[in-house]
Amino acid sequence: MLQQTRVEAVIPYWIKWMHSFPTVHCLANATDEEVNSHWAGLGFYRRARLLHAGAKRVVNDYNGTVPNTVEELLKLEGIGRYTASAVASIAYDVEVPVVDGNVCRVLSRLTGIANHIKAGVLKDDLGWILAERIIDAKSCSPGHEAKKHDYRSVGSPGEVNQALMELGATFCSPAGSGIDDRDP
């Protein structure tokens with residue numbers, strides 16, 4: 001719901017959605033009309049159809065439990081690399097990077113890359129390599145053997161990913177250069 005939509009605009013839809021579909025089973029058992037009526041006004045109706053299809057697959061193929069690996073999540077309708085990685089790292093502490101426009105802004109500032117963040121070389125290739133290095137070096141999931149230092153204060157892979165996304169969303173201006181003191 002939040003993809004390309006402001007949080008403030010989504011809240012009433014989210015509340016209504018969760019009231020009607022509190023579990024994956026409830027969503028899987030809903031009719032197409034019920035799903036579409038709850039999505040009406042958000043646009044991007046294909047997302048609602050894919051979410052509904054994904055819920056049905058989770059119920060039918062995974063006994064109602066959302067898969068916990070990127071590989072299995074990618075088998076669900078409407079889930080791509082970014083979403084699979086976000087769900088795996090945030091919900092299951094899987095040590096994988098997440099790359100979206102916000103993370104690309106942070107990475108471009110950190111590395112001095114002056115490429116447009118939507119350029120394929122950054123968002124599809126180099127961004128994932130750089131973000132993986134951060135997750136590998138800084139994360140400390142339960143049972144994760146400490147590398148060179150003890151990073152317990154840094155957080156789990158999901159927390160590190162969320163921090164990178166939030167930093168890019170709130171502190172790095174989309175139009176910024178990374179040179180201005182107000183836009184690191």
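Because the structure is a prediction, the values reported are computed rather than measured.

Enquirer: Before we move on, can you summarise the overall build of the protein with the specific residues and values?
Expert: From N to C terminus, the protein includes 9 helices and 0 strands. Each helix and strand of the protein, placed in order from N terminus to C terminus, yields the pattern α-α-α-α-α-α-α-α-α. By the burial criterion, 34% of the 184 residues in the protein qualify as buried. Contacts in the protein between residues at least 24 apart in sequence constitute 48% of all its contacts with a sequence separation of at least 6. Total accessible area on the protein stands at roughly 11,100 Å², and carbon and sulfur atoms take up 55% of it.

Enquirer: Quick one: what's the story with the packing of aromatic side chains, residue by residue and with numbers?
Expert: The final tally for this structure, using the stated rule, is 2 aromatic pairs. Both rings, one in Trp17 and one in Phe21, keep their centres 4.9 Å apart while their planes meet at 70°; by these two values the pair is edge-to-face. Neither residue differs from the other here; Trp17 and Phe21 are each classed as buried. Geometrically, the ring pair formed by Trp17 and Trp39 is edge-to-face, given 5.5 Å between the ring centres and 75° between the ring planes. Remark: Trp39 occurs in helix H3 (residues 32-39) and Trp17 occurs in helix H1 (residues 7-20); sequence separation between them is 22 residues.

Enquirer: Lay out the pattern of salt bridges with the relevant residues and their values.
Expert: In total, this model carries 4 salt bridges according to the counting rule given. Among the salt bridges present, the one from Arg6 reaches Glu8, with a minimum N-O distance of 3.0 Å. Across the salt bridge formed by Arg57 and Asp61, the nearest N and O atoms sit 3.0 Å from each other. Here Arg57 pairs with Asp61, and both are found in helix H4 (residues 45-62), just 4 residues apart, close to one helical turn. Judged by its relative accessible area of 28%, Arg57 falls in the partly exposed class. Overall, the relative accessible area of 47% leaves Asp61 in the partly exposed class. Because the salt bridges share partners, they merge into one network encompassing Arg57, Asp61 and Glu77.

Enquirer: Quick rundown of helix H9 (residues 157-170)? Include the residues and the values.
Expert: Between the first and last C-alpha of H9 there are 20 Å, a value that for 14 residues agrees with the 20 Å anticipated at 1.5 Å per step. Every buried residue belonging to H9 is among Pro157, Gly158, Val160, Asn161, Leu164, Met165 and Gly168, and all of these are buried.

Enquirer: How would you summarise the environment of His38 if you had to cite specific residues and measurements?
Expert: If you trace the backbone, His38 turns up in helix H3. Along the backbone, His38 and Trp17 are 21 residues apart, and their C-alpha atoms lie at a distance of 6.2 Å. Beyond its immediate chain neighbours, meaning those up to four positions away, His38 contacts Tyr13, Lys16, Trp17, Ser20 and Phe21. In terms of polar contacts, His38 uses its side chain to reach the side chain of Ser37, at 3.4 Å.

Enquirer: Just give me the short version of the environment of Gln162, but keep the residues and values in it.
Expert: In this structure, Gln162 sits in helix H9. A relative accessible area of 38% means that Gln162 is categorised as partly exposed. Along the chain, Gln162 and Ser89 lie 73 residues apart, while their C-alpha atoms are 9.4 Å from each other.

Parameters and conventions
- Every chain is numbered on its own, with residues counted from 1 as its sequence reads.
- The predicted origin of the model limits local features to residues at a pLDDT of at least 70 and limits the giving and counting of side-chain atom pairs to 80 or more, whereas totals for whole chains, interfaces and linings rest on all residues.
- Excluding hydrogens and water, the side-chain figures rest on all heavy atoms present in the structure.
- Every helix listed is a DSSP run of H or I at least four residues long, and every strand listed is a run of E at least two residues long, numbered separately from the N terminus.
- Summary of the burial criterion: residues with accessible area below 20% of their type's maximum are buried, those above 50% are exposed, and those between are partly exposed, where the area comes from a 1.4 Å probe applied to protein chains only.
- The contact definition used throughout considers only heavy atoms, calling two residues in contact when any of these lie within 4.5 Å.
- All accessible-area figures derive from a Shrake-Rupley calculation using a 1.4 Å probe, and residue coverage is judged against the displayed protein chains alone.
- When the centres of two rings from Phe, Tyr and Trp lie within 6.5 Å, Trp using its six-membered ring, the rings pair. Their planes under 30 degrees apart give stacked, over 60 give edge-to-face, and anything left gives tilted.
- By definition here, a salt bridge exists when the distance from a side-chain nitrogen of Lys or Arg to a carboxyl oxygen of Asp or Glu is within 4 Å.
- What a helix is expected to span follows from its residue count: subtract one and scale by 1.5 Å.
- Polar contacts, as counted here, are pairs of nitrogen or oxygen atoms within 3.5 Å of one another; within protein the pair requires one atom able to donate a hydrogen and one able to accept it, and residues that are adjacent in sequence qualify only if both atoms are side-chain atoms.

Structural measurements only, silent on function.
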